[in-house]
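A look at the structure
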Amino acid sequence: MEILNLFREIANNPNDYVKTWKEENNGKVMGYFCSYTPEEILFAAGALPFRIFGTGGNISMADAHLQAYSCSLVRGALEDTLSGKLNFLDGIIFPHTCDSIQRLSDIWRLNIGFGFHMDVVLPVKLNTDSAREYMVNVLKKFKQRFEKELCCEITNENLKASVEKYNRIRTCLKKIYEIKRENPDIISSSNIYAVVKASMVMDRNVLLEKLPRVLDLLEDKKSEVKYTGKRLILAGGICNFPDIYQIIEDSGGAIVWDDTCTGSRYFEGTIDPNGDIIESIAQRYFERHVCPAKHSGLFNRGEHIVRIVKENNAQGVVFLFLKFCDPHAFDYPYIKEMLDKEGIPSMLFEMEDLLSSEGQLKTRCEAFLETL
Amino acid sequence: MTNKETVEDPEKEKRKIKSVKKMKEIMTNYYIEAKTADQTGKKIAWITSGGPVEPLIAMDVIPVYPENHGAMIGASKMGVDLCEKSEEMGYSRDLCSYARTDIACSPINGGPIGGLPKPDMLICCNNICGTVLKWYEIQARYYDVPLFILDTPFCHTEFSIEAKEYVKKQINEYLKFLEMVCDKQFDYDRMKQVGQLSLKGQRLWQAVLDTTVHQPAPMSAFDAFFHLALIVTLRGTQIVVDYYSSLLDEMRERITSGISAVHNEKHRLLWDNIPIWYRTRWLSEKFASHDACLVADTYTSAWCSSLKYINEGNFLDTMADGYTKIYLNLGVDKMAEHVIEMIDKYNANGIVMHSNRSCKPYSFGQYDILKIVKEKRDIPALVIEADMVDERSFSESQIETRIDAFMEVLKARK
Ligand code: SF4
Ligand code: SF4
C-alpha cells in the first residue's frame, strides 16, 4: 500500500512535489492544459510536463478577468497563477480546445509575467487529410519553438526514447484500469484517480519505475470473488474531485471504465516509435476517440460510450461535467438518447465546486444506483 | 406601432429611418423565397454568420442563417419559451441561446416564422466560436444532411503560414463539397461577380456605419443592429448593394438636414458584444433619455473586417485571410486595439459592454479589453450582465440603476 500512498501524496499536493523536484533536479517545469498537449515533445527535451487542474476553492483574483459563467477549471487555474501558486512554471502550453480555454490563454499571456507562453492551435477536425497535414506542421513548429525557448536540441533519438517511455506509461495505466474492471473491489477508484493524476505531474522516469509496482501489488491481490456492486462508466471532461469516487463507491457502485480526459482519453493509444515520430504523435490523436471540443464524425463519441458500456459489462453511465462546460453539455442529449435506445440508464451531474455539490451528489447517486 | 406614440411625438416621427420599411420587405421576401425553395427547386444551406457565403450564392444556393433566426427569436421575445424547450430536450441553460432556441425550433417549427426551411446542407465556419461546431453537429444529426466544416485556426498572436495553407486547402474542399451536393460544376465566372458584389456591399455597409462619425450621429448602433441583417444574409447579391446605397443616401440626407438619432446628442458611446435583442428599444430609449447615443459597436462592423484582406480580383484566393482574421477569431489584445481605433474614429466618450452569458468567446476577455482601453484612453465604462436572447438573465431594475449611475459619471466629466 505504501506505493499507493506515494501517488496519493503527489496527487494531493502536486505543487509541493514539483517544487522539490525542480530544486533537486534543476529542471524545467512546463505547465499544460488538456490531453491534446504533445507531452512527448516536452519530455524529450528533458522538461517536466505538469498538468494544471486548478485547485478550486475561493476565487478572488480571477474575478477581475473572468465572468462567473466560466467553468471552474478555467477560473481555478487563473486564480492559482494570479495568486502565485504556480510561480515554479518555466512556461505554459495551451492546446486549442474550447472557447473558454482559448480566452484563458489570451488572459494568461497578457497578465502572467513569468515563463514563456505557447499556443498549440491544433485543427478542430480530426478526420480529414488536410487537417492531419496541418496538425503535423503545427507539431513540428511547436518542437522548433520549444527547442528555441529551452535552448536545446530535441534529437530524433530523444523523441523516440520519449514516445517509447510514454507508450509504457500508457500501457501500464491501461492495465491498471483493466485489472480494476475485472476486480472492482481490489483497488478503490479514488486510488486509481490518484495514480492517473500523479502520472500527469510527476517525473516520468520515476513514474516508469513506480507504475509496475502498482501493477504487481494488484496482481497479488487478484481474486476469483465476483463483484456484487453496480458497475458504472464515468463520462465527462476533467475530473478533479476525488471524493466523487468515494461517494459512488459508498453508494454501492464502482467505476469500471471511463471516458474522461483525466482517465482513458489520457492513456488510450500508443505511438509508433518508428518512422517520423511527429507524424506518429499526430496519428495517435487522429485514432484516439475524440474529446467533444474536436470533430471526428457525428456519432463517434456516442458510439464509443455505448461500446465501452457493453465491453465492460456496465449497468449504467454517470455523466459528470463541470458547470459551464459547453462541449460536453452540447453532446449530452444525443449520447443520452443513444444510451436510452440501448436501454442503458444514465444520470447527469453538473459540478460547480465540490463543497456545494457533495450532499446533492450523494443523494442523486444513491437514488440512481437503486434503480439499476 | 401604437396610436399613442404617433400622436404624442412628431419629433420622434421625424427621427425614424424611412428605409426601414424597404428593409422589412426585403427580409420578408428573402424568407418567403427560402421557405418555398422546395417549389422552385433551389437548395438551402444553413450557414454560420461568419461563414463564407459567396460560393453558395455563386452556386444559386439559398443561404439561411440560424443566428439571424436566433436574433429574430430574441427580438420577438420568444426566447424564454424556446430556451425552456431546449432545457426539456436536455440542453443546459448555460449554453448559447442562439443555439438552444434554434435547436428547440426544429422539431416543432417554432419561432416567429414557423421554423427555418429544412437544409440540404450545413456549412459551419468556426471563426466565431466552438459553439457552432457542436450546434451544427446536432443539426446534421437531426436533419441527416451533409455538414461541411471550415476550420479557421484561432489567431492568438498570428495567422501562421501553415494555418493559412490549411484554410486555403479547405476552401477548395468546400467548392468540391458544393459541386457534390449541388451536382453541378462550380461556376468560377459567377463567383467573380459575386465576390465583387460582396465587397461592394461590405464597403457600402461600412460607409453607412461611418456616417455616425458625424456629430450628432444620424443613426445609432441600435439602427445598425436592425440593418445588419442584409450584410449577414444576402452578402454577395445586388439587393444588398442597392439597399445600402439608398440607406447611405438617407443617412447623408439626414446629416444635411440636421436629423440625428438622438435628440440633443451629448454623449457618444461605443457598444461591445451582441445586442440584447428583446430589449433594444428599451435600452435605446434609456440612453436617449440621458442624451446619449450609441454611435458605434464592435458587432455590426465585424462583417466588413475582411475588407482589409480580400483582393477584389482574386476573391477565392484571399478568402482564407478574410475569413480567418475576423474580430472574434483574434487574441484579446488585438480586439482591444480595434476597440481603441473605434473610440478614436467615432469620438466615443464612454463604452458599454454587454457581458453576454451566451457567448463566451465574445465575453471572456472583456475585462482585460477594458483594462487596456482604460490605460490608453481615459473613458468611463459600463458592463451590463445579460443574455442576448434568454430574458431570464436580464434584470431591469439592476441594469437601469447601473446605466443611471454610469451616465452620472459621464455627465460629471463634461
Ligand atoms: S471543462 Fe469544458 S469549458 Fe472547461 S476547459 Fe474543459 S472543455 Fe473547456
Ligand atoms: S453567440 Fe457566440 S457562442 Fe453563440 S453562435 Fe454566436 S459566436 Fe457562437
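Our subject in this report is the structure included herewith. (Residues numbered from 1 in each chain as written. Chains lettered and ligands numbered in written order. Predicted model: local features only at pLDDT ≥ 70, side-chain atom pairs only at ≥ 80, totals over all residues. Heavy atoms only, no water.)

Turning our eyes to something else, we now look at the overall build of chain A. Looking only at helices and strands, one finds 15 helices and eight strands in chain A. In terms of C-alpha radius of gyration, chain A reaches 20 Å, essentially the compact-globule figure of 21 Å for 372 residues. Overall size of chain A, expressed as C-alpha extent along the three principal axes, is 60 × 45 × 45 Å. For chain A, the proportion of its 372 residues judged to be buried stands at 62%. Relative to all contacts within chain A whose residues are 6 or more apart in sequence, the contacts with residues 24 or more apart total 75%. Surface accessibility of chain A: about 14,100 Å² in total, with carbon and sulfur atoms responsible for 47%. Separation of charge centres in chain A, based on 45 positive and 53 negative side chains, amounts to 2 Å. (Helix = DSSP H or I, 4+ residues; strand = E, 2+ residues; numbered from the N terminus. Rg over C-alpha atoms; globule rule 2.2 N^0.38 Å. Buried < 20%, exposed > 50% of the residue type's maximum accessible area, 1.4 Å probe, protein only. Contact = heavy atoms within 4.5 Å. Areas by Shrake-Rupley, 256 points an atom, 1.4 Å probe, with all protein chains shown as cover. Lys, Arg positive; Asp, Glu negative; His and termini not counted. Charge placed at Lys NZ, Arg CZ, Asp CG, Glu CD.)

All names here are of chain B. Around ligand 2, the neighbouring residues are Glu67, Cys96, Tyr98, Ile128, Cys129, Thr131, Val132, Trp135, Ile274, Ser358, Cys359 and Met388. Counting residues per element, the shell around ligand 2 draws most heavily on helix H9 (residues 131-143), which supplies three residues. Within the shell around ligand 2, the residues separate by chemical class into nine nonpolar, two polar and one charged. (Near = heavy atom within 4 Å. Nonpolar A, V, L, I, M, F, W, Y, C, P; charged D, E, K, R; others polar.)

The residue after Gln215(B), namely Pro216(B), is reached through a cis peptide bond having omega 0°. Note on placement: Pro216(B) falls in the loop between helix H11 (188-210) and helix H12 (221-233). In this model, Cys151(A) sits at a positive phi of 50°, which is unusual for a non-glycine residue. As for its position among the elements, Cys151(A) is in the loop between helix H6 (129-150) and helix H7 (156-182). On the accessibility criterion, Cys151(A) (72% relative accessible area) is exposed. Not every positive phi belongs to a glycine, and Asp291(B) is a case in point at roughly 60°. By the secondary structure assignment, Asp291(B) is in the loop between helix H14 (280-289) and strand S6 (292-297).

All names here are of chain A. Taken in spatial order, the four strands of this open sheet run S6-S5-S7-S8, and their pairing is parallel. The open sheet has two free edges, formed respectively by strand S6 (253-259) and strand S8 (346-351), since each of these has just one partner strand. Going across the sheet, the axis of each strand differs from the next one's by a mean of 30°, ignoring polarity. Across six bridges, strand S5 (residues 230-236) lies against S6 in parallel orientation. In the sheet register, Ala235 faces S6, and the bridge partner there is Asp259. (Pairing = 2+ DSSP bridges. Axes fitted to C-alpha atoms, helices over the stretch in contact; angles between N-to-C directions.)

With that settled, consider the site of ligand 1. If you check the shell around ligand 1, you find Cys71(A), Leu73(A), Val74(A), Cys98(A), Ile101(A), Leu322(A), Phe324(A) and Cys325(A) and nothing else. Considered class by class, the residues forming the shell around ligand 1 number eight nonpolar, no polar and no charged.

A separate point is the side chain of Arg254(B). All names here are of chain B. For Arg254, the location among the structural elements is in helix H13 (residues 238-256). Although Arg254 lies buried, it forms no salt bridge, and the closest oppositely charged side chain, Glu250, sits 4.4 Å away as judged by the N-O distance. A distance of 2.9 Å separates the side chain of Arg254 from the backbone oxygen of Pro218, its partner in a polar contact. Those residues within four positions of Arg254 in sequence are excluded, and the remaining contacts are Lys14, Arg15, Lys16, Ile17, Pro218, Ile259, Ser260 and Ala261. (Salt bridge = Lys/Arg side-chain N within 4 Å of Asp/Glu carboxyl O. Polar contact = N/O pair within 3.5 Å; in protein donor to acceptor, adjacent residues only side chain to side chain.)

Under the criterion given, the structure shown has 35 aromatic pairs over all chains. Taken together, a centroid distance of 4.8 Å and an interplanar angle of 90° make the contact between Tyr142(B) and Tyr143(B) edge-to-face. Judged by relative accessible area, which is 43%, Tyr142(B) ranks as partly exposed. Tyr143(B) sits in the buried class, given a relative accessible area of 13%. The ring of Phe53(A) has Lys197(A) sitting right over it, with the charged end atom 4.7 Å from the ring centre. Against the face of Tyr36(A) rests Arg288(A), its NZ or CZ located 4.7 Å from the ring centre. (Phe/Tyr/Trp six-rings, centres within 6.5 Å; stacked < 30°, edge-to-face > 60°. Lys NZ or Arg CZ within 6 Å of the ring centre and 35° of its normal.)

Residues and elements named next belong to chain A. Spatial ordering of the open sheet is given by S2-S1-S3-S4, a layout of four strands whose pairing is parallel. Of all the strands in the sheet, the pair left with one neighbour each is strand S2 (48-51) and strand S4 (116-120). Taken over all neighbouring pairs, the strand axes of this sheet differ in orientation by 25° on average, direction set aside. Examined bridge by bridge, strand S1 (residues 29-32) and strand S3 (residues 91-95) share three bridges and lie parallel to one another. Bridge assignment links Met30 to a residue of S3, and that residue is Gly91. The strands touched by helix H2 (residues 14-25) within the sheet are S1 and S2, with S2 carrying the most contacts at an inclination of about 165°.

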